[in-house]
Structure formats: structure tokens, C-alpha cells
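# Fold and geometry: a report
What follows is the residue order along each chain.
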Amino acid sequence: DQQVKQNSPSLSVQEGRISILNCDYTNSMFDYFLWYKKYPAEGPTFLISISSIKDKNEDGRFTVFLNKSAKHLSLHIVPSQPGDSAVYFCAASANNQGGKLIFGQGTELSVKP
Amino acid sequence: GAGVSQSPSNKVTEKGKDVELRCDPISGHTALYWYRQRLGQGLEFLIYFQGNSAPDKSGLPSDRFSAERTGESVSTLTIQRTQQEDSAVYLCASSSSLGSNIQYFGAGTRLSVL
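What you see is a predicted model, and the numbers here were worked out from it, not measured in a lab.

### What to know about the packing of aromatic side chains
For any pair of aromatic rings, the description consists of the separation of the ring centres together with the inter-plane angle of the planes. Residue and element names in this part refer to chain B. One pass over the full model with this rule turns up 14 aromatic pairs over all chains. On the basis of an interplanar angle of 70° and a centroid distance of 6.0 Å, the ring pair of Tyr-35 and Phe-45 is categorised as edge-to-face. Here Tyr-35, found in strand β4 (residues 31-37), pairs with Phe-45, found in strand β5 (residues 43-50); they are 10 residues apart in sequence, far enough to count as distant. Residue Tyr-35 is classed as buried on the basis of its relative accessible area, which comes to 0%. Geometrically, the ring pair formed by Tyr-35 and Phe-105 is tilted, given 5.5 Å between the ring centres and 45° between the ring planes. A residue pair is termed long-range when its members are at least 10 positions apart, and Tyr-35 in strand β4 and Phe-105 in strand β10 (residues 104-105) qualify at 70 residues. Both residues of the pair, Tyr-35 and Phe-105, count as buried.

Next comes the structure, spelled out in C-alpha cells:
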């Protein structure tokens, strides 16, 4: 079963606008959530994370929001830049699982100039 | 090295052959993880190591897959009698401790089984 889902395979946004990437999860034991960015032929790069005790974490242009009651998180990028074009993966972990990450299928973001 | 290093970067093999994939984690990182990414899919957990022991092997797809880690450093993932469905990118990640959730990934090994 898919415990972490990213239902949008792709997203296209104009440069300077906001990009919103969504992620849903089913396992209530997840207590830490991460976003990774991946360029072709490279490994995923850590972007931002959030603990389940928070509902928002911000780092520069990137903000992650967590809605535990809805089991939903989102990544906001504002303003979007062409260099942000990549595949974004949402991942989750549970404290008693040794840190292994459960990933969503990814959303390919394209930021057009 | 500065980051996680994986070799080879590409491997083409014939069905039925054995392959060995190598991962060098970031120096000092005690936790090491293997994932697999099939085309168009997310990353799929295979196994993790804390030091040289592997507390969770639950993601290994079959008994043809095995992994070991020696000296709390290098890890090798071995696939015996490869099948076409084993074709994927195999990614290795390390983190500074089991309690650290942030994992740093290598560029992966792209395995193609013909």
C-alpha cells in the first residue's frame, strides 16, 4: 500500500509565481516529514523538513505546512525560479522505524521564464 | 570524500548474472540506507545499517538480494541471478546517526538487466 502519495505527477508554474506541491500520508505513526529535490542523473538533495509537533517550517523561499488532522503536507516555493525545475519528493519517517524514509512518487515541477 | 559515493554509476548486465553495487557513505556517518527507484516511481526502501548490523531488511524484494557493511563504512548490495525487473536506479544514503532523520544521498547506480 502507498503510505505516502503525491497525486500530481507534474506541475507547471510561471517564474515569480508561487509553486505549491502537495503530499498526503496514511500512517499516523509518521512523525517527521521531509522534502527532497532531484535533478536527472543526480541523487535526491534534502530541501526542508518538519517535525509533527509543528505545523509550519520556513527556510528562505521554501515553506512546508503540515496538517496532521488531514494527514496532508505541502511545500510552497515563492517566488519560483527556473532553477527550481526538478522532481520533488515528499518523504516520511516514524520514530521507531530506524529512520527509514517512505517516499511519495514525486512531482515534476517546471518553472517557465 | 565530501559526499556519498556510489560505484559503478552505470551497470549493464545479462539476465542471470550476479552484480555488486558499492556505497561509500559520508565519513563518520553511522547509519546507511539502500533504496531503489524504478522508472517513474518514488524511492523504495530496501535495507538500512546501523554500524555494521542491519536491523531492518524488510525492503529486500527477494532472497536474491543481500547487503553487507564492513568497518562501519563501505557497504555493498549484491543481487544474484539478476532478472529484468531488477532494472532500476539503486541509491545509497547516509546519516550521522540513527536519530537523525536527514539522509544524504549518492548519485546512484543505474542497473540495466538485458
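### A closer look at the state of the cysteines
All names here are of chain A. The final tally for this structure, using the stated rule, is two disulfides over all chains. One disulfide bridge connects Cys-23 with Cys-90, the sulfur atoms lying 2.0 Å from each other. Measuring handedness by torsion sign, the sulfur bridge of Cys-23 and Cys-90 sits at about -70° and is left-handed. With a gap of 67 residues between them, Cys-23 in strand β3 (residues 19-25) and Cys-90 in strand β9 (residues 86-94) connect regions that are remote in the sequence. On the accessibility criterion, Cys-23 (0% relative accessible area) is buried. With a relative accessible area of 1%, Cys-90 lands in the buried category.

### Observations regarding a nonpolar patch on the surface
On the surface, Ile-18, Ile-20 and Val-78 of chain A cluster together into a nonpolar patch covering about 230 Å² of accessible area. Note that Ile-18 of chain A resides in the loop between β2 (10-14) and β3.

### Structural notes on the interface of chain B and chain A
Facing 19 residues of chain B, the contacting portion of chain A comprises 19 residues. Interface area, chain B with chain A, both sides summed: about 1,500 Å², of which 59% is carbon and sulfur. In this assembly, chain B and chain A are joined by one salt bridge. Asp-56 of chain B is the salt-bridge partner of Lys-100 of chain A, the closest N and O atoms lying 3.1 Å from each other. The tally of links between chain B and chain A comes to five residue pairs in polar contact (both at pLDDT 80 or more). Breaking the side of chain B that touches chain A down by element, the ones donating at least two residues are β4 and β5 of chain B. The residue makeup of the side of chain B that touches chain A, split by class, is 10 nonpolar, eight polar and one charged.

Rules of the game
Residues numbered from 1 in each chain as written. Chains lettered and ligands numbered in written order. Predicted model: local features only at pLDDT ≥ 70, side-chain atom pairs only at ≥ 80, totals over all residues. Heavy atoms only, no water. Phe/Tyr/Trp six-rings, centres within 6.5 Å; stacked < 30°, edge-to-face > 60°. Helix = DSSP H or I, 4+ residues; strand = E, 2+ residues; numbered from the N terminus. Buried < 20%, exposed > 50% of the residue type's maximum accessible area, 1.4 Å probe, protein only. Disulfide = S-S within 2.5 Å. Patch = residues over 30% accessible without salt bridge, like charges linked within 9 Å, V, L, I, M, F, W, Y side chains within 5 Å. Areas by Shrake-Rupley, 256 points an atom, 1.4 Å probe, with all protein chains shown as cover. Salt bridge = Lys/Arg side-chain N within 4 Å of Asp/Glu carboxyl O. Contact = heavy atoms within 4.5 Å. Buried area = accessible area lost by both parts, 1.4 Å probe. Polar contact = N/O pair within 3.5 Å; in protein donor to acceptor, adjacent residues only side chain to side chain. Nonpolar A, V, L, I, M, F, W, Y, C, P; charged D, E, K, R; others polar.

Note that all results are geometric; they support no functional claim without further evidence.
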